[in-house]
Amino acid sequence: MQIAIVIMAAGKGTRLKSRRPKVLHQIGGRALVEHVIAAAAHVVEPKDIFVIIGHEAEQVRAALSATGVRFVVQAEQRGTGHAIQTVRPEVEGYENLIVLSGDAPLITTDTILRLRDFHLEQRAAMTVLTARPADPTGYGRVVRSKAA
């Protein structure tokens, strides 16, 4: 089964008040997005990882050039949905996509594999991984309800 991983890394990260692209800020000696790529590369080959870049695209591309991933430029950042529309022509031949955030360095290979396996076992049209933080202040919400 052909699976591609798409990593969203085009945003400005304006809340950081930094000129550096958010995904290039470092934690543990590596850029945030490098942690995500490393986890993803244990699930699919780097040629099947597509990093959507936009803000400071060339700086991000240069920082990640040795990873072997493919880059898709989102010239105008108009949100997550638009980012996925931008990558669509590149991933047309894949049966399934896993979409990851480039600024989530704590994602693990195990989590990605479990998400993939659950999705495939359920034969779902779409699967969304969410969390239930102890204090959800400042986070977006996903309302869960049992289907009727």
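Scope of this entry: the structure provided in the associated data block. The structure displayed is predicted, hence computed values, not measured ones. (Residues numbered from 1 in each chain as written. Predicted model: local features only at pLDDT ≥ 70, side-chain atom pairs only at ≥ 80, totals over all residues. Heavy atoms only, no water.)

A few words on the overall build of the chain. Looking only at helices and strands, the chain features 4 helices and 6 strands. Starting at the N terminus, the α and β elements of the chain follow one another as β-β-β-α-β-α-β-α-β-α. Scaling as 2.2 N^0.38, a compact globule of 148 residues should have a C-alpha radius of gyration of about 15 Å, and the chain matches this with 16 Å. Each of the three principal axes of the chain carries a C-alpha extent, and together these read 50 × 40 × 30 Å. Residues classed as buried in the chain amount to 33% of the 148 residues present. (Helix = DSSP H or I, 4+ residues; strand = E, 2+ residues; numbered from the N terminus. Rg over C-alpha atoms; globule rule 2.2 N^0.38 Å. Buried < 20%, exposed > 50% of the residue type's maximum accessible area, 1.4 Å probe, protein only.)

Next up on the list: helix H4 (residues 109-122). For H4, spanning 14 residues, the distance from its first C-alpha to its last is 20 Å, which sits close to the expected 20 Å at 1.5 Å a residue. Restricting attention to buried positions, one finds in H4 the residues Thr-109, Ile-112, Leu-115 and His-119. Viewed end-on, H4 has its buried residues packed into an arc of 130°, placing them on one side of the element. Those residues of H4 that are exposed and angled more than 90 degrees off the buried face are Arg-114 and Glu-121. Phi turns positive one or two residues past the end of H4, at Arg-123, with a value near 55°. (Expected span 1.5 Å × (residues − 1). Arc of directions from axis to C-beta.)

This brings us to the packing of aromatic side chains. Summed over the entire model, instances satisfying the criterion amount to 1 aromatic pair. Judged by centre distance (5.8 Å) and plane angle (80°), the rings of Phe-50 and Tyr-94 are edge-to-face. Highlighted residues: Phe-50 in strand S4 (residues 49-53) and Tyr-94 in the loop between helix H3 (80-87) and strand S6 (96-101), separated in sequence by 44 residues. (Phe/Tyr/Trp six-rings, centres within 6.5 Å; stacked < 30°, edge-to-face > 60°.)

On to the pairing of S6. Looking along a regular strand, one sees side chains alternate from face to face of the sheet. In S6, alternate side chains face the same way, and those of Asn-96, Ile-98 and Leu-100 are buried while those of Leu-97, Val-99 and Ser-101 on the opposite face are not. As defined by bridge partners, strand S1 (residues 3-9) adjoins S6 across 6 bridges and the pair is classed as parallel. The residue of S6 that forms the bridge with Ile-7 is Leu-100. (Pairing = 2+ DSSP bridges.)

What follows covers unusual backbone geometry. Positive phi values are uncommon outside glycine, yet Glu-56 reaches one of about 55°. Overall, Glu-56 belongs to the partly exposed group, its relative accessible area being 39%. Look at Arg-123: it is not a glycine, yet its phi comes out positive at around 55°.

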